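One-letter residues, chain by chain:
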Amino acid sequence: MPDLKPFIVLGLALGGVFALSGVGLVVLYRATGVINLAYGAVGAFGALISWELINNARWNEWLAFLVCILFGGVVTLVYGYIFGPMLAPRDPLVKATATLGLLLVLLGLSSWIWGDDARSIVLPTTSEGFSIGEVNVNYTQIIALALCLVVTAGTAVFLRVTKLGTAMRSLANDREITAMLGVPVRRVEAAAWLGSGLLSGATGLLLSNLVGLDMVGLTFLVIAALAAALIGQLRSLWVTLAAGLAIGIVQACATPFESIGGYRSMTPFVFAIAALLWFARKQPALVRV
Amino acid sequence: MSVAEKSGSTGAGAVAARPPGQRFDRKTIVHAVGIAIFFLLLFFVLPGITSNYWLQICTQVVVYSVVALGLAILVGRVGMVSLGQIALLAIGGWVALRIGFATGLPFPILMLAAGLVTGILGVIVGLPALRLSGLYLALITLMAAAAISIVLQQTNFPNGGGGFLGYDITGSGTAALRRPSIAMETTSFFRYTLIVGGLMFLLAWLHVRGKPGRAWAAIRQSQPAALAGGVNITLYKLWAFALAAFMTGVMGCLLAASGGGLTILQFPTQESISLLAAVFIGGVYGFAGAIVAGVFIKLVPALLDNWDLPPDLLLILFGVGVMQVLLTAPQGLAVQFPKDMMKLAKLIARPFTKGRKTAGEVAR
Amino acid sequence: MIRIEDVTVQFGGVKPLDGVTVEFPVGTCGLIGPNGAGKTTFFNVLSGFVTPREGRVVAFDEDLFAMPHYKRARWGLRRTFQTEQAIEELSLYDNVAMVHEHWGQNRTSRREDVLGALDFVGLDHLDPRVKVGVLDARDRRLVEMARAVVGKPRLVLLDEPAAGLPDEETQHLASVIRRIPEHMGALVILVDHDMSLVQNTCSITAVLDFGKLIAAGPTAEVLRDEHVIKAYLGTEEEL
């Protein structure tokens, strides 16, 4: 039995980012009904921009990181602002499919501008760290885990306590009635898009550090976040958090085992399908009359 | 009321008393002749006017057109989105390679086996999600596609080795599936693929025109009404899914025999999404749209490459296409494009139908 | 004959149906009540979309709840909905044929049955190959009616079939509905707000209010019942 402790640390960090992304997805879904499948692509594109700024334009790295996060926020906000209202009355499936359009555009653009070469972006926090026992932990990992806990808790409180948060919850319930109540629906939605977008920029940066700056790989890491969100039934933030962490830990801990190590990236899928089987068991044929 | 039933028909599409002039017949005959001419042109003329390289590309266009057709039926007729069809194509290829290398079974059997295994896999993946919602189905197919990619990265495609995986690591890497003896060269293989593709189109057409097609139309419009009509919704959704997977699996076998063997690089996860975009652009409703989709997925990138243009432009086009199509579609996932095409077709057909009474004008 | 015994439906704290017991003997029977009284829930229980917490339904000597919902259509349960449900992209023929083919009925009699149903509702003047999408509201309603009566229906549930139709069309609809029990041997339960339609077609009517049955009997009497009037108007004044 290999020593799993370093992998648990890795897993917590990775899972933390999965959870963070998952929460971002769930909050946006609850406020707008949109599952943003381009979430990972946006973050990855932002990270590439940061890379470009740092390596070719010689910008200060913190400024470049800020650009990444802002990019995430702005692109997502613009998308939501333009397409949100037009797609608002449609089925969640249609709304999610539309975000695939954004995903393809970003994939195409990034491939055109930067090609497929492997790159790396290193946050300064990765080189600093400390040890717990024999295990090394760097600050990036700490940030990942801490951020996911803080954001989840903060979002939960925000949704429950603040006016904007309550408006978002009301939107999730019924957009029409919320509008009739005088809630500035478009502004609330814009806030949700912006928040989710900023988060995607942040997670893009963290993931590039933890896993590598590869556009396609990062784009489809959204799958792990999706799995976590799905397990939370697109509703519960805390279950999404727990699921994200669990997926991260299991995936990381599978690494040292030779026979299954290569398959570890399947973990999100395995979790998700197990969850679906569980949910579908209790469900009679869904009919809305 | 005198009745002239179309022979062999199952009832739907079977016609009641024909009004004078037999307008319906004329239209079907014209369609059928048009399709036959198109098919014959491809079969006889195309190999003569293109090089081997482009003929190979066209073979791929046929393959991907069938895959696109499967997806188009799911999306356009039933209203279900699958983001994993390309992964299923890879599975079909894998199964064909494994069985092909292990046994001496004839090619058609390999195709069937590939289709069946892929069909069953499609059902297994789809079943838990089907009872939940269309969104969950889309998500789980995306996840399954990525998972399949990961597995295939590890196991590689069979190349004649032993064991369950059939991969010989010391071997030459990839190895192509042996072609049927009547289809050894590029031209004959293209024709063989064309015929199989045609058969798959026919299979799909029979479904759409028959009982499943009607059930799917009901499901897409209103599930309660479908249920009240006695339709077993889960069964018919699964059937659609299995059909699309089967067709895809069969073409996977052909793909395995077309080039120098298969690698996972040929089946990126993103291509399933591009396929959906291409299907949207071609129009999800008609069968011709699937061919357009196949062209966009395989021919256009080759053309762009030939003209030294970046293939990434196509991705951007696809992305814009998806958003535009979904925005202009009036309801569900049925798209505006084929409706516009239909309006155009009606416009063209008007000189032929002038003078005949339309349904509503018949004396009340 | 259909007997509903003590059916109660509960969602959390809400009881859309509360201990409803009523018997519909034969012919066409009305079910009326103010909005929210539980009429659609009642139909949903019969259709099998909603499972009641308590109660039994015996229709033509068979326990309805013993059948899962998709089997009830096969058994002979038909239903129309408040919102139009005829499938727009299918033809008249296919719309009706679909109902016929999905409960394993005799294939050889299919054409006859389908055309017969279209004839019965008064759509025989239209080409059955026409897509329903091009028809107007009146004809679409009739297509739904044809779907409801094709083959051998036993229990036909009509949920506001006249909704949105002008008076002349409602007259035609009434005559179609009146003929169903006699021609098809089925029991019809009609829910509608149009009182003249109910009076014209239903011999017996039951009234729901807040999930409870407040009256049942010959239609004319029920419509004059003061409790029924009070339920609709909230006052004791006569209509």
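The rules behind these values
Residues numbered from 1 in each chain as written. Chains lettered and ligands numbered in written order. Predicted model: local features only at pLDDT ≥ 70, side-chain atom pairs only at ≥ 80, totals over all residues. Helix = DSSP H or I, 4+ residues; strand = E, 2+ residues; numbered from the N terminus. Rg over C-alpha atoms; globule rule 2.2 N^0.38 Å. Contact = placed C-beta atoms within 7 Å. Expected span 1.5 Å × (residues − 1). Bend = angle between axes of the 7 residues up to and from the residue. Buried ≥ 20, exposed ≤ 12 C-beta atoms within 10 Å, placed from the backbone. Pairing = 2+ DSSP bridges. Axes fitted to C-alpha atoms, helices over the stretch in contact; angles between N-to-C directions. Nonpolar A, V, L, I, M, F, W, Y, C, P; charged D, E, K, R; others polar. Right-handed = clockwise from strand over helix to strand, strands pointing away. Core = buried A, V, L, I, M, F, W, Y, C linked by C-beta atoms within 7 Å. Domains from an automatic or database assignment. pLDDT = per-residue confidence, 0-100.

1. Describing the overall build of chain A
A count of helical and extended segments in chain A gives 13 helices and two strands. Here the C-alpha radius of gyration of chain A, 19 Å, is about what a compact globule of 289 residues would show, namely 19 Å. Over its C-alpha atoms, taken along the principal directions, chain A stretches across nearly 60 × 50 × 35 Å. Sequence-distant contacts, at least 24 apart, represent 74% of the contacts inside chain A between residues at least 6 apart.

2. Considerations on helix H6 (residues 167-184) of chain C
Three- or four-residue spacings in an α-helix give side chains the same orientation, since the helix completes a turn every 3.6 residues. All names here are of chain C. Taking 1.5 Å per residue, 18 residues should reach 26 Å; H6 reaches 26 Å between its end C-alpha atoms and fits that length. Approximately 25° is the largest bend angle found in H6, and it occurs at Arg 178, with the proline Pro 181 only one to four residues beyond. The complete set of buried residues in H6 reads Thr 170, Leu 173, Ala 174, Val 176, Ile 177, Ile 180 and Met 184. Against strand S3 (28-32), helix H5 (137-149), strand S7 (155-159), strand S8 (187-191) and helix H7 (195-201) lie the buried residues of H6. Two residues or fewer after H6 comes Gly 185, characterised by a positive phi angle close to 70°.

3. Focus: the sheet that holds strand S2 (residues 14-24) of chain C
Residue and element names in this part refer to chain C. Sheet architecture is open: four strands sit in the order S2-S1-S4-S5, paired in antiparallel fashion. Each edge of the open sheet carries a strand with a single partner, namely S2 and strand S5 (62-63). Packing of helix H1 (residues 39-47) onto the sheet brings it into contact with strand S1 (2-11), S2 and strand S4 (54-59), and relative to S2 it is tilted by some 70°.

4. Thoughts on the sheet that holds strand S9 (residues 204-209) of chain C
All names here are of chain C. Sheet architecture is open: six strands sit in the order S6-S7-S8-S3-S9-S10, paired in mixed fashion. Either end of the sheet is taken by a strand with one partner, and the two such strands are strand S6 (77-80) and strand S10 (212-218). Going from strand to strand, the sheet's axes swing by 15° on average, the running direction of each strand aside. Packing of H5 onto the sheet brings it into contact with S6 and S7, and relative to S6 it is tilted by some 170°.

5. A look at helix H10 (residues 222-231) of chain A
With ten of ten residues buried, H10 of chain A lies mostly within the body of the structure. Buried within H10 of chain A are the following residues: Val 222, Ile 223, Ala 224, Ala 225, Leu 226, Ala 227, Ala 228, Ala 229, Leu 230 and Ile 231 of chain A. Check the buried side of H10 of chain A and you find it contacts helix H1 (5-32), helix H2 (39-55), helix H9 (215-220), helix H11 (237-253) and helix H13 (267-281) of chain A together with helix H5 (134-155) of chain B. Within two residues after H10 of chain A, Gln 233 of chain A carries a phi angle of roughly 55°, on the positive side.

6. A short note on the interface of chain A and chain B
At the junction of the two partners, chain A supplies 44 residues and chain B supplies 45 residues. Counting residues per element, the side of chain A that touches chain B draws most heavily on helix H4 (residues 92-114) of chain A, which supplies 17 residues. Here the residues of the side of chain A that touches chain B sort into 36 nonpolar, seven polar and one charged.

7. Let's talk about unusual backbone geometry
In this structure, Arg 58 of chain A is a non-glycine residue whose phi angle is positive, near 55°. Its location among the elements puts Arg 58 of chain A in the loop between H2 and helix H3 (61-87). Positive phi values are uncommon outside glycine, yet Glu 160 of chain C reaches one of about 50°. With respect to the helices and strands, the residue Glu 160 of chain C is situated in the loop between S7 and H6.

8. Quick look at the pairing of S7 of chain C
Residues and elements named next belong to chain C. Taking burial as the measure, the five residues of S7 include five buried ones, the bulk of the element. Alternating positions in S7 separate into two faces, Leu 155, Leu 157 and Asp 159 on one and Val 156 and Leu 158 on the other, with burial throughout. Where S7 meets S8, five bridges bridge the pair, whose relative direction is parallel. Its bridge partner being in S8, Asp 159 is matched across the sheet by Val 191. Between the parallel pair S7 and S8, the chain is carried across by H6, and the sense of this crossover is right-handed.

9. A few points about the nonpolar core
Core analysis: the biggest nonpolar cluster contains 287 residues, and Ala 227 and Ala 272 of chain A, Ala 68, Ile 140, Met 143 and Val 279 of chain B together with Ala 146 of chain C have the highest contact counts within it. If one sorts the elements of this core by residue count, H1 of chain A sits on top with 17 residues. The residue makeup of this core includes at least three contributed by each of domain 1 (1-76 + 153-239) and domain 2 (83-151) of chain C. Apart from residues no more than four positions distant in its own chain, Ala 227 of chain A is found in contact with Ile 247, Pro 268, Phe 269, Phe 271 and Ala 272 of chain A together with Met 143 of chain B.

10. Side note on the confidence of the model for chain A
A residue-level look at chain A finds 97% of positions with pLDDT of 70 or above and a mean pLDDT of 88. pLDDT under 50 marks residues 285-289 of chain A. Its contacts with residues more than four places away, or in other chains, come to 13 contacts.

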